[in-house]
Amino acid sequence: GIENVSMQQVDEIATRYRIRMLKDLKDERRGLCGDFLRYCIEDNRLDTGESDRLQHLRLHLRLREGDGAGIQRDVASSVYETQADEAMRDRKLSDQEQESLERLARDIQLPDEVRRSIFARKSHEIMQSALDEAIDDARLSPPEAAELEALPITLPRKHPHNYEHRPSPPPRRLACASA
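Here we summarise the structure given alongside this text. Model, not experiment: these values are computed from the prediction. (Residues numbered from 1 in each chain as written. Predicted model: local features only at pLDDT ≥ 70, side-chain atom pairs only at ≥ 80, totals over all residues. Heavy atoms only, no water.)

1. Here we look at the overall build of the protein
Move 1: Each helix and strand in the protein was counted, giving seven helices and zero strands.
Move 2: Put simply, the protein has 179 residues, and 34% of those count as buried.
Move 3: Of the accessible surface of the protein, which amounts to about 11,900 Å², a share of 50% is contributed by carbon and sulfur atoms. (Helix = DSSP H or I, 4+ residues; strand = E, 2+ residues; numbered from the N terminus. Buried < 20%, exposed > 50% of the residue type's maximum accessible area, 1.4 Å probe, protein only. Areas by Shrake-Rupley, 256 points an atom, 1.4 Å probe, with all protein chains shown as cover.)

Spelled out as structure tokens, the structure:
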């Protein structure tokens with residue numbers, strides 16, 4: 001595996017092909033690191049061994065720690081966002097789905113602020129979509145009103161691990177069209 005490749009071997013290859021490791025092929029080096037990370041988290045987790053190999057690869061590719069963190073954030077965000085889309089597809093988020101998303105974020109080492117941002121954006125998209133669909137015909141049917149009123153209940157108002165609790169505003173009553 002990658003852990004068996006020495007820094008000296010990488011330097012010899014770079015010298016042979018006249019590659020300046022700190023300047024040349026930066027996008028390709030970042031891409032290789034990202035591809036390896038995607039491979040590591042195909043099972044929706046990044047274990048210690050994978051994390052160590054990823055760090056080893058980052059060092060061999062002469063990527064700065066900030067580059068590695070950016071790659072980690074981008075790849076983990078993509079994985080989390082895909083799973084969040086799936087969990088929220090029915091416009092509801094069960095306790096089990098919420099716990100699963102929390103576990104995924106932890107297992108792929110997604111930073112909390114990124115997780116919160118993705119979750120807030122997805123929740124907003126769902127609420128906006130439901131509202132757009134409900135008022136598309138300029139009338140709000142009883143089922144549409146019921147769905148809109150239920151959304152704040154089925155999508156948490158405060159994000160997991162956000163311990164700063166603010167009271168939720170009372171739900172607004174929507175005028176319904178007669179059936």
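2. With respect to the nonpolar core
Move 1: The biggest cluster of nonpolar side chains holds 34 residues, and the ones touching the most others in it are L37, I41, Y80, L101, I108 and L110.
Move 2: For this core, the elements supplying multiple residues, two or more each, are α2 (26-40), α3 (48-60), α4 (65-87), α5 (95-107), α6 (112-135) and α7 (142-154).
Move 3: Per-element accounting of this core gives the leading share, seven residues, to α4. (Core = buried A, V, L, I, M, F, W, Y, C linked by side-chain atoms within 4.5 Å.)

3. Describing the pattern of salt bridges
Move 1: Taken as a whole and assessed by the stated rule, the structure comprises 14 salt bridges.
Move 2: With a shortest N-O distance of 3.7 Å, E125 and R121 are connected by a salt bridge. Of the two residues, E125 and R121 are both situated in helix α6; the distance of four residues between them amounts to about one turn of the helix. (Salt bridge = Lys/Arg side-chain N within 4 Å of Asp/Glu carboxyl O.)

4. Considering α4
Helical geometry: 3.6 residues make up each α-helical turn, so side chains three or four residues apart lie on a common side.
Move 1: Counted at 1.5 Å a residue, the expected span for α4 with its 23 residues is 33 Å, and the 32 Å between its end C-alpha atoms agrees.
Move 2: Within α4 the residues assigned to the buried category are D67, G68, G70, I71, Q72, V75, A76, S77, V79, Y80, A84 and A87.
Move 3: Residues of α4 that are buried sit in contact with α2, α3, α5 and α6. (Expected span 1.5 Å × (residues − 1). Contact = heavy atoms within 4.5 Å.)

5. Some details on unusual backbone geometry
Move 1: The phi dihedral of R18 falls on the positive side, at around 55 degrees, and the residue is not glycine.
Move 2: The exposure class of R18 is exposed, given its relative accessible area of 76%.
Move 3: A positive phi angle is found at R62, which is not glycine, with a value near 60 degrees.
Move 4: Topologically, R62 is positioned in the loop between α3 and α4.
Move 5: According to the relative accessible area criterion, R62 is partly exposed, its value standing at 23%.

6. Observations concerning the side chain of D107
Move 1: The topology assignment puts D107 in helix α5.
Move 2: Of note is the side chain of D107, whose polar atom sits 3.5 Å from the side chain of R45.
Move 3: Leave out the neighbours within four places in its chain, and D107 touches N44, R45 and L46. (Polar contact = N/O pair within 3.5 Å; in protein donor to acceptor, adjacent residues only side chain to side chain.)

Scope: geometric values only; no functional claims are made or implied.
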